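Structural overview for review
The chain contents come next:
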Amino acid sequence: AILQGPTERIELGLDLKPALLEKARRLNLYDRLVQHDANTPLPIPDASLQTVYCNAAYWVREIDGFLREIRRTLTRDGRAILQVKLDSLNRYTLEPHRAALGDRFLDIIGRGRRDCWPTLASRSEWERRFAAAGFHTLSATPFITQTHAYLWEVGLRPIAQLLVRMANALTAGTRAAIKRDWVDLFMQLLTPICDPAFELPAQPSEPAEIQYVLSPN
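First, a word on scope: everything that follows refers to the structure included in this document. (Residues numbered from 1 in each chain as written. Predicted model: local features only at pLDDT ≥ 70, side-chain atom pairs only at ≥ 80, totals over all residues. Heavy atoms only, no water.)

The subject of this paragraph is the side chain of Thr 73. Within the fold, Thr 73 resides in helix α2 (residues 63–73). What makes Thr 73 buried here is its relative accessible area of 1%. Excluding residues that lie within four positions of it along the chain, Thr 73 makes contacts with Leu 42, Ile 44, Pro 45, Asp 46, Ala 47, Ser 48, Leu 49 and Val 52. (Helix = DSSP H or I, 4+ residues; strand = E, 2+ residues; numbered from the N terminus. Buried < 20%, exposed > 50% of the residue type's maximum accessible area, 1.4 Å probe, protein only. Contact = heavy atoms within 4.5 Å.)

Before going further, it helps to spend a moment on the packing of aromatic side chains. One pass over the full model with this rule turns up six aromatic pairs. Judged by centre distance (6.1 Å) and plane angle (50°), the rings of Tyr 92 and Tyr 150 are tilted. Of this pair, Tyr 92 sits in the loop between β4 (74–85) and α3 (98–101) while Tyr 150 sits in helix α6 (residues 146–154), placing them 58 residues apart in sequence. Connected via pairs of aromatic rings, a cluster forms that spans Trp 126, Phe 130 and Tyr 212. Sitting above the plane of the Trp 152 ring, Arg 113 keeps its charged end 5.0 Å from the centroid. When the ring centre of Trp 126 is taken as reference, the NZ or CZ atom of Arg 129 above it lies at 4.6 Å. (Phe/Tyr/Trp six-rings, centres within 6.5 Å; stacked < 30°, edge-to-face > 60°. Lys NZ or Arg CZ within 6 Å of the ring centre and 35° of its normal.)

Evaluated as defined, the whole model comprises 13 salt bridges. For Asp 46, the salt bridge is made with Arg 72, and the minimal N-O distance between the two is 2.6 Å. Residue Asp 46 is found in the loop between β2 (30–35) and β3 (49–54), and its partner Arg 72 is found in helix α2; the two are separated by 26 residues along the sequence. Since its relative accessible area comes to 25%, Arg 72 is described here as partly exposed. The salt bridge partner of Arg 98 is Asp 103, with a shortest N-O separation of 2.8 Å. On the basis of relative accessibility, which here comes to 48%, the residue Asp 103 falls in the partly exposed class. Each of Glu 22, Arg 25 and Arg 26 takes part in salt bridges that share partners, so that together they form one network. (Salt bridge = Lys/Arg side-chain N within 4 Å of Asp/Glu carboxyl O.)

Remember, this is a structural readout, not a statement about activity or role.
See the structure below:
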């Protein structure tokens, strides 16, 4: 249940998946929600948005066109906040241990996720893309380390579908009670590693994701 409504609102939300748009609708946070494929031109007028936020650019195949579209929709003093994945993610996996773990193990934990990452790139390549689209980089903040990536490599992804089936079989009251306990448990479990710089061992490594704040040139 949503106990308290938002105190501020977002003008527009876009996503390809109807189920995610429906979840967003129930939050009553957005003035308007639109189902849209970001590989095609955005249904947004020129220079009409003050801020654009996207944490899923790695899903977009036509990334250069998408970045130009974001630039087109921003006002002259607008900002784009983009969280992007680096190709270092391809190194922060259990793939080198395939001989010991086996094909089936890696298939189960992967569940095809890398097929959803068509635009991974180095930091320099991302920044080249931004410049080519007409952006100036105001800040670049690494927030996912090698350690975070290795933890995410397994996580709950292999059993996600089973958890959904189980949750859907519960009464609303039971599901809510269990969810509260889960949130409490994972707050305790994850808080120590939520520092964007958290790394084991504590040595410098190339980040797996970076948050960029961009302005139109």
